[in-house]
Amino acid sequence: MRKLAQRVAVAAGLIMAAGTLQLATSTTAEATPAQCTSYLKSYGYSVGPKVKEACQFAANDWSDEMTGGNEPCIEMLKLLGVRPAHADFACAAH
């Protein structure tokens, strides 16, 4: 019975440690402006001031709190002619 209790305690400790590590190493859901523009350039999009502005929007920490994510970045890029799948990936962390 004592070995069973030890095994349960060890398993619980490992689960807690794994959860804590995941929280400590998680990243934000935004891409940096450089990641965003680089991704778009790799697909042949022209990266001018308006695209850079949209990519900057994704990097702002407050965009998640105010808008629920990277929607402003995605919508701005789509209005500029970026395919939805490319806009979504460009504005997300990767």
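Data block above holds the structure.
No experiment lies behind these values; they were computed from the predicted model shown.

### Considerations on the pattern of salt bridges
- Counting across every chain of the model gives one salt bridge.
- For Glu75, the salt bridge identified is with Lys78, shortest N-O distance 3.2 Å. Residue Glu75 and its partner Lys78 are both found in helix α5 (residues 71-79); the two are separated by three residues, about one turn of the helix.

### A closer look at the environment of Ala31
- Looking at where Ala31 falls in the secondary structure, it is placed in the loop between α1 (2-25) and α2 (33-42).
- Counting along the chain gives 25 residues from Ala31 to Gln56, while the straight-line C-alpha distance between them is 8.9 Å.

### Here's the deal with the state of the cysteines
- The final tally for this structure, using the stated rule, is two disulfides.
- Note on cysteine connectivity: Cys73 is disulfide-linked to Cys91, with sulfurs 1.9 Å apart. Its torsion about the S-S bond being -75°, the disulfide of Cys73 and Cys91 is classed as left-handed. Remark: Cys91 occurs in helix α6 (residues 84-91) and Cys73 occurs in helix α5; sequence separation between them is 18 residues.
- On the basis of relative accessibility, which here comes to 1%, the residue Cys73 falls in the buried class.
- In the chain, the bonded cysteines, numbered by position in the sequence, are linked as 1-2, 3-4.

### Looking at α6
- Here α6 has its buried residues at His86, Ala87, Ala90 and Cys91. For α6, the buried positions fall inside an angular range of 120° around the axis, keeping them on one side. The exposed set on the far side of α6, more than 90 degrees from its buried face, consists of Pro84 and Ala85.
- Elements that come into contact with the buried residues of α6 comprise α2, α3 (49-59) and α5.

### Notes on the packing of α2 against α6
- The contact between α2 and α6 brings their axes to 8 Å, and the two run at 150°. Between α2 and α6, the angle falls in the class roughly antiparallel. Relative to α6, α2 is oriented so that their crossing is right-handed. Each of Cys36, Tyr39 and Leu40 in α2 lies in contact with α6, whose residues at this interface are His86, Phe89 and Ala90.
- In terms of residue class, the contact of α2 with α6 is made up of five nonpolar, one polar and no charged.

### Topic: the packing of aromatic side chains
- Scanning the model with the defined rule gives two aromatic pairs in all.
- Seen in terms of ring centroids, Tyr39 and Tyr43 are 5.0 Å apart; in terms of plane orientation they differ by 50°. Their pairing is tilted.
- Its relative accessible area of 14% is what places Tyr39 among the buried residues.
- Residue Tyr43 is classed as partly exposed on the basis of its relative accessible area, which comes to 47%.

Scoring rules and cut-offs
Residues numbered from 1 in each chain as written. Predicted model: local features only at pLDDT ≥ 70, side-chain atom pairs only at ≥ 80, totals over all residues. Heavy atoms only, no water. Salt bridge = Lys/Arg side-chain N within 4 Å of Asp/Glu carboxyl O. Helix = DSSP H or I, 4+ residues; strand = E, 2+ residues; numbered from the N terminus. Disulfide = S-S within 2.5 Å. Buried < 20%, exposed > 50% of the residue type's maximum accessible area, 1.4 Å probe, protein only. Arc of directions from axis to C-beta. Contact = heavy atoms within 4.5 Å. Axes fitted to C-alpha atoms, helices over the stretch in contact; angles between N-to-C directions. Parallel < 35°, antiparallel > 145°, perpendicular 65-115°, else oblique. Left-handed = near helix turned anticlockwise from the far one by under 90°. Nonpolar A, V, L, I, M, F, W, Y, C, P; charged D, E, K, R; others polar. Phe/Tyr/Trp six-rings, centres within 6.5 Å; stacked < 30°, edge-to-face > 60°.

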